[in-house]
Amino acid sequence: MQDPIGKPQDPEVEHGVLLLRAVGVASAEVVAHRHTWEWLAARAADHDHFRTPPAVDDLPDGCIRTTVSGRSLIALLIVLWETRETAGLNGDWALASTTYQRAATVLTGVTGQGATIRIVLDDGHGQDEQHDGDGEDGQNQGPVGWSR
């Protein structure tokens, strides 16, 4: 992110802005492979703000769909930030960095107009009815990834 005169912001300030944006999210739909979701949930499980979703629905190809609250989204952002900063160049770093960056992209674009945030962690899946890139309003959300 850059400030109004084009200078890059401090990464910690950017992180704080993302947390403030996440506060305004009522819920976010998450679609990911079950193994990815389990990794994310295990990372966030001990955070004070994370709440286990009431349902995790199975989708084809080992994927799941669930809904997290804005409060749980805050916890996920915090643990992804911390993991990204401390993991070194390994699988945890890659998962945390990619997921965090996608969250940053969609949260930066949130306009407060009530659109459901849809988090899809499946870059390789084709467009079909389970992973069509469309939000609840039928608007195409662009490339598969974090979207709103």
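Look above for the structure.
How each quantity is defined
Residues numbered from 1 in each chain as written. Predicted model: local features only at pLDDT ≥ 70, side-chain atom pairs only at ≥ 80, totals over all residues. Heavy atoms only, no water. Helix = DSSP H or I, 4+ residues; strand = E, 2+ residues; numbered from the N terminus. Expected span 1.5 Å × (residues − 1). Buried < 20%, exposed > 50% of the residue type's maximum accessible area, 1.4 Å probe, protein only. Polar contact = N/O pair within 3.5 Å; in protein donor to acceptor, adjacent residues only side chain to side chain. Phe/Tyr/Trp six-rings, centres within 6.5 Å; stacked < 30°, edge-to-face > 60°. Lys NZ or Arg CZ within 6 Å of the ring centre and 35° of its normal. Contact = heavy atoms within 4.5 Å. Pairing = 2+ DSSP bridges.

**Student:** How would you sum up helix H4 (residues 91–108)? Please name residues and give values.
**Tutor:** Residues spaced three or four apart along an α-helix point in a common direction, a consequence of the helix completing one turn every 3.6 residues. Here H4 is 18 residues long and its end C-alpha atoms lie 26 Å apart, about the 26 Å a rise of 1.5 Å per residue gives. Buried within H4 we find Ala96, Ser97, Thr99, Tyr100, Arg102, Ala103, Ala104, Val106 and Leu107. Between the side-chain oxygen of the N-cap and the backbone nitrogen of Asp92 there are 2.9 Å, and the N-cap of H4 in question is Asn90.

**Student:** Account for the packing of aromatic side chains, naming residues and giving values.
**Tutor:** What describes a pair of aromatic rings is the distance from one ring centre to the other and the angle between the planes of the rings. Inspection of the entire model under this criterion finds 1 aromatic pair. Summarising the aromatic geometry, the rings of Trp81 and Tyr100 are spaced 5.7 Å apart at their centres and angled 50 degrees between planes, so their arrangement reads as tilted. One end of the pair, Trp81, is in helix H3 (residues 70–86); the other, Tyr100, is in helix H4, and 19 residues separate them in sequence. Accessibility expressed as a relative area gives 12% for Trp81, which makes it buried. Here Arg84 stacks its cationic end above the ring of Tyr100, 4.3 Å away from the centre of that ring.

**Student:** Quick rundown of helix H2 (residues 34–44)? Include the residues and the values.
**Tutor:** Those residues of H2 not exposed but buried are Trp37, Trp39, Leu40, Ala41 and Ala44. Contacts made by the buried residues of H2 are with strand E1 (27–33), strand E2 (56–58), strand E3 (63–69), H3, H4 and strand E4 (117–121).

**Student:** Can you lay out the pairing of E1 for me, pointing to particular residues and giving the numbers?
**Tutor:** Across a regular strand the side chains alternate sides, sitting on one face of the sheet and then on the other. For E1, the buried fraction is high: 5 of the 7 residues fall into the buried class. With 7 bridges joining them, E1 and E3 adopt antiparallel strand pairing. Counterpart to Val30 in the pairing with E3 is Thr66. Of the pairings in the sheet, the one linking E1 to E4 comprises 5 bridges and is parallel in character. The residue of E4 that forms the bridge with Glu29 is Arg118.

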